[in-house]
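Below are the chains, spelled out letter by letter.
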Amino acid sequence: MSMFNEIFTAEGRLNRLRYLKYMIILAVIASISTFVLSSMATFFTGDPNSAPVLLITLAWALIAGAGNVMMMIRRIHDLGKSGWFALIAFVPYIGIIFSVALFCIPGQVGWNEYGADPLTE
């Protein structure tokens, strides 16, 4: 499975280490590409607050956010819970604690309703 398919799918399970790895990769790619594209748009328009710069930044934020939510759903599946629990991440303050907990709580051992244990694959 390609990395794009690994990040932008809600099917299956994702263990803690792979979740951390993909979150870091997604953050680095989104940050660098947003910086480069926004810098290019600023260079061509001459205004860092122009519509093209803001649209590029918004588009990349939505793409990275979608990947983040998809990986979070797969991580929650590894805990044996419904992906709807990802909505907790959008609750102020509680969402931060929940997001950090996803890096710390070990997944279910063995098979669950969302697939095989990712550590045995």
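Parameters at a glance
- Residues numbered from 1 in each chain as written.
- Predicted model: local features only at pLDDT ≥ 70, side-chain atom pairs only at ≥ 80, totals over all residues.
- Heavy atoms only, no water.
- Salt bridge = Lys/Arg side-chain N within 4 Å of Asp/Glu carboxyl O.
- Helix = DSSP H or I, 4+ residues; strand = E, 2+ residues; numbered from the N terminus.
- Buried < 20%, exposed > 50% of the residue type's maximum accessible area, 1.4 Å probe, protein only.
- Core = buried A, V, L, I, M, F, W, Y, C linked by side-chain atoms within 4.5 Å.
- Contact = heavy atoms within 4.5 Å.
- Expected span 1.5 Å × (residues − 1).
- Polar contact = N/O pair within 3.5 Å; in protein donor to acceptor, adjacent residues only side chain to side chain.

Undergrad: What is the right way to read the pattern of salt bridges from this model?
TA: Note that side chains of opposite charge can pair when their charged atoms are close. Inspection of every chain in the model, using the stated rule, returns 2 salt bridges. Among the salt bridges present, the one from Arg13 reaches Asp78, with a minimum N-O distance of 2.8 Å. Taken together, the positions of Arg13 in the loop between helix H1 (3-7) and helix H2 (16-45) and Asp78 in helix H3 (residues 51-78) put the pair 65 residues apart, joining distant regions of the chain. As far as the burial class goes, Arg13 and Asp78 line up, both buried. Here Asp78 ties to Arg75 by a salt bridge, and the two come within 2.7 Å at their closest N and O atoms. Of this pair, Asp78 and Arg75 both sit in helix H3, 3 residues apart, roughly one helical turn.

Undergrad: What am I meant to see in the nonpolar core here?
TA: One broad rule of soluble globular proteins: the nonpolar side chains tend to lie buried together. In terms of nonpolar packing, the biggest core is built from 14 residues, with Tyr19, Met71, Met72, Ile76 and Leu102 touching the most fellow members. Elements supplying a minimum of two residues to this core: H2, H3 and helix H4 (94-104). Not counting residues within four places of it along the chain, the set of residues in contact with Leu102 comprises Arg16, Tyr19, Met72, Arg75, Ile76 and Leu79.

Undergrad: When you look at H2 in this model, what are you seeing that I'm missing?
TA: What sets the pattern is the α-helix's 3.6 residues per turn: residues three or four places apart point alike. If you check H2, its first and last C-alpha atoms are 42 Å apart, about what 30 residues at 1.5 Å a residue would give, namely 44 Å. Along H2, the residues classified as buried are Tyr19, Tyr22, Met23, Leu26, Ala30, Ser33, Thr34, Ser38 and Ala41. Turning to H2, the residues buried within the fold contact H1, H3 and H4. The N-capping residue of H2, defined by a side-chain oxygen 3.4 Å from the backbone nitrogen of Leu17, is Asn15. Looking one or two places after H2, you find Gly46, whose phi comes out positive at around 80 degrees.

Undergrad: Explain the side chain of Asn15 here, please?
TA: Locating Asn15 in the fold gives a position in the loop between H1 and H2. Take Asn15: its relative accessible area is 12%, and that puts it in the buried class. Reaching out from Asn15, the side chain makes a polar contact with the backbone nitrogen of Leu17 at a distance of 3.4 Å. Among the polar contacts listed, one links the side chain of Asn15 to the backbone nitrogen of Arg18, at a separation of 2.8 Å. Beyond its immediate stretch of four places on either side in the chain, Asn15 contacts Arg75, Asp78, Pro118 and Leu119.

Everything listed here is a matter of coordinates, which is why it stays silent on function.
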